[in-house]
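# Overview (structure and organization)
Listed here are the chains, written in short residue letters.
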Amino acid sequence: MTTSQQQSHIHRTVLNNGIVVLVVENPAADIIAARIFARAGSCYENPEQAGLAYLLSTVLTKGCNGLTSLEIAEQVESLGASLGADTASDYFLLSLKTVTSDFAQMFRLAARILRSPTFPEAEVELERRVALQDIRSQQEQPFTIAFDQLRDVMYQNHPYASSGLGNEATMSRLTRQDLVEYHQRHFRPENIVISIAGRITPENAIALVQEVFDDWQVSPTQPLPKLNLPELNVEPQIKITPQQTQQSIVMLGYLGSSVRSSDYAALKLLSTYLGNGLSSRLFVELREKRGLAYEVSAFYPTRLSRASFVVYMGTAPENTQVALFSLRQEVDLLFTRELDEDALQAAKNKILGQYALGKQTNAQIAQMYGWYEILGLGIDFDTDFQEAIASLRATDVIAAADRYLREPYVSLVGQERAVHSAILDFNS
């Protein structure tokens, strides 16, 4: 076992079997939260099994060695605790939170679920049907249609092209045996990060983790799965879906950088400046001043591979053409005109303020440091990111915009005449 302490309040330990344990002692509240991460998100699925990690997250807590779904639920509820699983593109997550006196009991239960799920056939079938209903429901939502077709054209055969749910065809094919094999392949000690925050000493937390996980050994006959993602070199394209909707969804996407890139902070700042909140550039210019938008925003998620930088607007059908032109114009300004110092500082303040608010609770703290570790960024990323934002200059920001935000992928959903007219004008 190796232990390091890169920041004064974060204890990082690597167990002999490869599990990384992070502990933040925070005695302010009588609560302990834990996040157990695995490198088993949707990026690790085969394309023909899209939705497998999501389905596993819905069934994982529905039975384990010696316990039924009902018995697990009764244990959790009798303690007033919370326990749940979730999946994202780059990782899988098992979360728990409880009062300090019950933490050891809940953690042992979570470990049992993680290591020996039974995936009862009836639960698998039930959750698969629920997922199929969700997929069908999303296909009726204009925003989801627009975002799905934008991802599809941007990422093609890359896992980021599909939602975590997969699609009807892939979800319909998934079986209990698929879940068993996926679990055996990816849920192994050297693929796990455990992050704990709350009223517990690092020594006690590590002793508990060792007690329940120390006998979990790496399989010498099964190599660790490697993630081989395809290169992204798709030329920008336009996709439209005519639909009898009350509004048009206008969406532009740009291939941004990975979280590991030196440009990540600048793109985060640009996304915040453009579309984060009521004071953002898009909201003020396109909704408040011009009345074009029912809703307007921008987002740029944190990803291991190249993330999508997206701006979008919901607008009246008759405004589709001008909305598309105006969105493009606002993004183009980012690489043709430097942000003034006031706008730059305001965007920095907003990011750093929201960042500080996002790590107030033990659950948020456990989530954040575990997330950094599972992405391979390390716990120092907490300070590195804040310093990178604070040190950005206007020239850094305009240079990043020039590198990533020149040519958009376009996705439109709306009444046929409105979307076709918008594209004709856009191409002329």
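Here is what the cut-offs are and how they apply
Along each chain, residue indices are assigned from 1 in the same order as the chain's sequence is written. This being a predicted model, a pLDDT of at least 70 is required before a residue's local features are given, and a value of 80 or more before pairs of side-chain atoms are given or counted; all residues contribute to the totals for chains, interfaces and linings. Values shown for side chains rest on all heavy atoms present in the structure; no hydrogens or waters enter the calculation. Secondary structure elements follow DSSP: runs of H or I of four or more residues count as helices, runs of E of two or more count as strands, with numbering from the N terminus. For this measure, only C-alpha atoms enter the radius of gyration; the expected value for a globule follows 2.2 Å times N^0.38, where N is the number of residues. The buried label goes to any residue with under 20% of its type's maximum accessible area, the exposed label to any with over 50%, and the partly exposed label to all in between, with areas taken from a 1.4 Å probe on protein chains only. The contact rule is simple, with two residues in contact once any of their heavy atoms fall within 4.5 Å. Under the convention used here, Asp and Glu are negative, Lys and Arg are positive, and both His and the chain ends fall outside the count. The atom standing in for a charge is NZ when the residue is Lys, CZ when it is Arg, CG when it is Asp and CD when it is Glu. Here, a salt bridge means any side-chain nitrogen of Lys or Arg that lies within 4 Å of a carboxyl oxygen of Asp or Glu. Cavities and pockets are defined on a 1 Å grid built over the protein atoms alone: a cavity is a set of grid points where a 1.4 Å probe fits but cannot escape, while a pocket is an open set with protein on both sides within 12 Å along at least five of seven lines, and lining residues are those with an atom within 4 Å of any such point. Grid points are joined across faces, edges and corners, and a volume is the space filled by probe spheres set on the points. Residues are grouped as follows: Ala, Val, Leu, Ile, Met, Phe, Trp, Tyr, Cys and Pro are nonpolar; Asp, Glu, Lys and Arg are charged; every other residue, Gly included, is polar. Residues qualify for a patch when their relative accessible area is over 30% and they have no salt bridge, like charges being joined within 9 Å and the nonpolar side chains of Val, Leu, Ile, Met, Phe, Trp and Tyr within 5 Å. Method for areas: the Shrake-Rupley scheme with a 1.4 Å probe, in which residue coverage is limited to the protein chains shown. Between N-to-C directions, angles span 0 to 180 degrees; the directions come from axes that are lines fitted to C-alpha atoms, helices contributing only their stretch in contact. Two helices that cross are described as forming a left-handed crossing if the nearer one is turned anticlockwise from the farther one by less than a right angle, and a right-handed crossing if clockwise. Paired strands, as defined in this entry, are two strands with at least two bridges between them according to DSSP. UniProt positions are given in the numbering used here, feature names are shortened, and annotations may be inferred rather than shown by experiment.

The name an unreviewed UniProt entry gives the protein chain is Insulinase family protein, with Brasilonema octagenarum UFV-OR1 as the organism.

### Considering the overall build of the protein chain
Check the secondary structure of the protein chain and you find 16 helices and 14 strands. Expected size for 428 residues packed as a compact globule is a radius of gyration near 22 Å; at 23 Å, the protein chain falls within 12% of this value. Going through the 428 residues of the protein chain one by one, you find that 53% of them count as buried. Sequence-distant contacts, at least 24 apart, represent 80% of the contacts inside the protein chain between residues at least 6 apart. Side chains of the protein chain give 36 positive and 49 negative charges; the mean places of these two sets differ by 2 Å.

### Looking at the pattern of salt bridges
Applying the stated criterion across every chain, the model contains 20 salt bridges. The partner of R328 in a salt bridge is E407, and the shortest N-O contact between them spans 4.0 Å. Of this pair, R328 sits in helix α11 (residues 320–336) while E407 sits in the loop between α15 (394–404) and β14 (409–414), placing them 79 residues apart in sequence. Looking at R328, the relative accessible area reads 18%, which means it is buried.

### Considering empty space enclosed by the protein
Under the counting rule described, the total for this entry stands at one cavity of 30 Å³ or more. In this structure, the largest cavity encloses a volume near 40 Å³. Looking at the largest cavity, the residues that line it are L270, L334, R337, E338, L339, A394, V397 and I398. No other element matches α15, which puts three residues into the lining of the largest cavity. The class makeup of the residues in the lining of the largest cavity is six nonpolar, no polar and two charged.

### Focus on a negative patch on the surface
A cluster of acidic side chains, namely E338, D340, E341 and D342, defines a negative patch on the protein surface. On the secondary structure map, E341 appears in helix α12 (residues 341–357).

### Some thoughts on the packing of helix α9 (residues 264–275) against helix α14 (residues 381–391)
Taken N-terminus to C-terminus, the directions of α9 and α14 make an angle of 65°; their axes are 9 Å apart at the nearest point. For the element pair α9 and α14, the recorded crossing hand is right-handed. Along its contact with α9, which presents Y264, A265 and K268, the element α14 presents F381, F385, A388 and I389.

### A look at the pairing of strand β3 (residues 20–25)
Of all six residues in β3, five are buried, a share of seventy percent or more. Bridging between strand β2 (residues 10–14) and β3 involves five bridges; their strand directions are antiparallel. By the bridge assignment, R12 is partnered in β3 with L22. Taking the residues that link successive antiparallel strands as the turn, the β2-β3 hairpin has five residues, and the phi of G18 there is positive, at about 100°. By the bridge criterion, six bridges tie β3 to strand β9 (residues 192–198) in an arrangement that is parallel.

### Here we look at the UniProt feature "domain: Peptidase M16 C-terminal" (unreviewed entry) in the protein chain
The feature "domain: Peptidase M16 C-terminal" (unreviewed entry), as given by UniProt, occupies residues 174–350 in the numbering adopted here. Here residues 174–350 runs as 40% helix and 19% strand, with 43 Å between its end C-alpha atoms.

### Notes on the environment of S101
Secondary-structure assignment places S101 in the loop between β8 (92–99) and α3 (103–115). Residue classification places S101 among the exposed residues on the basis of a relative accessible area of 67%.

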